[in-house]
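Each chain is listed here by its residues.
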Amino acid sequence: MHVVLIATDKPGHLQTRLDNRDAHLAYGRDSGKLVMAGPLLDDEDQMCGSLLVIEVATMQEAYDFADNDPYAKAGLFEKVRIEKWKKVIG
């Protein structure tokens, strides 16, 4: 099943994002679960969150994936939304 993770950064934490970006990208790339991903941008085109689509067998696997993301471990996110997702177009 596909699951979407939408994470919002804590205000003022861009440096935390930058400091952990390489580890976050490697984690997604090496997980074997990532379908597509990219940062959310604010009005000044600065990264302020993340959107990931992953493929997992269970929702628990999705929660575990989110919890083990280097960004999450670094305390970057203010909130994370995890939902099942169905691709219809694209």
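This text goes with the structure placed above it.
Please read all numbers here as calculations on a predicted model, not as lab measurements. Along each chain, residue indices are assigned from 1 in the same order as the chain's sequence is written. Given that this is a predicted model, residues contribute local features only at a pLDDT of at least 70 and side-chain atom pairs are listed and counted only at 80 or more, while totals for whole chains, interfaces and linings are drawn from all residues. Computation of side-chain values covers all heavy atoms of the structure but excludes hydrogens and water.

**Thoughts on the packing of aromatic side chains**
Stacked, edge-to-face and tilted are the three classes for Phe, Tyr and Trp ring pairs, Trp counted by its six-membered ring, which pair at centre distances within 6.5 Å; planes under 30 degrees apart are stacked, over 60 edge-to-face, the rest tilted. Under the defined criterion, the tally for this structure stands at two aromatic pairs. Measuring from ring centre to ring centre gives 6.0 Å for Tyr 71 and Phe 77, while their planes differ by 85 degrees; the resulting arrangement is edge-to-face. Each member of the pair, Tyr 71 together with Phe 77, is buried. For every residue, the accessible area (1.4 Å probe, protein chains only) is compared with the maximum for its type, and the residue is labelled buried under 20%, exposed over 50%, or partly exposed between those bounds.

**Remarks on the nonpolar core**
Among the nonpolar cores identified, the biggest contains 10 residues, and these are Val 3, Leu 5, Leu 52, Ile 54, Val 56, Met 59, Ala 62, Phe 65, Ala 66 and Ile 82. Think of it this way: any DSSP run of H or I at least four residues long counts as a helix, any run of E at least two long counts as a strand, and we number them from the N terminus. Within the residue set of this core, elements represented by two or more residues are strand E1 (2–9), strand E3 (47–55) and helix H2 (59–68). With four residues, H2 is the single largest residue contributor to this core. Nonpolar cores were defined as sets of buried Ala, Val, Leu, Ile, Met, Phe, Trp, Tyr and Cys residues, with membership established by side-chain atoms within 4.5 Å.

**Quick notes on the sheet that holds strand E2 (residues 34–41)**
Two strands pair under a simple rule: DSSP has to find at least two bridges between them. The strand order E2-E3-E1-E4 describes an open sheet built from four strands, whose pairing is antiparallel. This sheet does not close on itself; its edge strands, each paired only once, are E2 and strand E4 (77–85). Between one strand and the next, the sheet's axes are offset by a mean angle of 15 degrees, whatever the strand orientation. For E1 and E4, the ladder comprises eight bridges, and the chain directions are antiparallel. Bridge pairing links Ile 6 to Arg 81 in E4. On the sheet, helix H1 (residues 14–31) packs against E1, E2, E3 and E4 and is oriented at approximately 10 degrees with respect to E3. Comment: axis = line fitted to C-alpha atoms, over the contacting stretch for helices; angle = value between 0 and 180 degrees taken between N-to-C directions. Whether two residues are in contact is decided by their heavy atoms, any of which lying within 4.5 Å being enough.

**Describing H2**
Buried residues of H2: Met 59, Ala 62, Phe 65 and Ala 66, and no others. Angular distribution of buried residues about the axis of H2 spans 115 degrees; they occupy a single face of the element. Here the arc refers to the set of directions running from the helix axis out to each C-beta atom.

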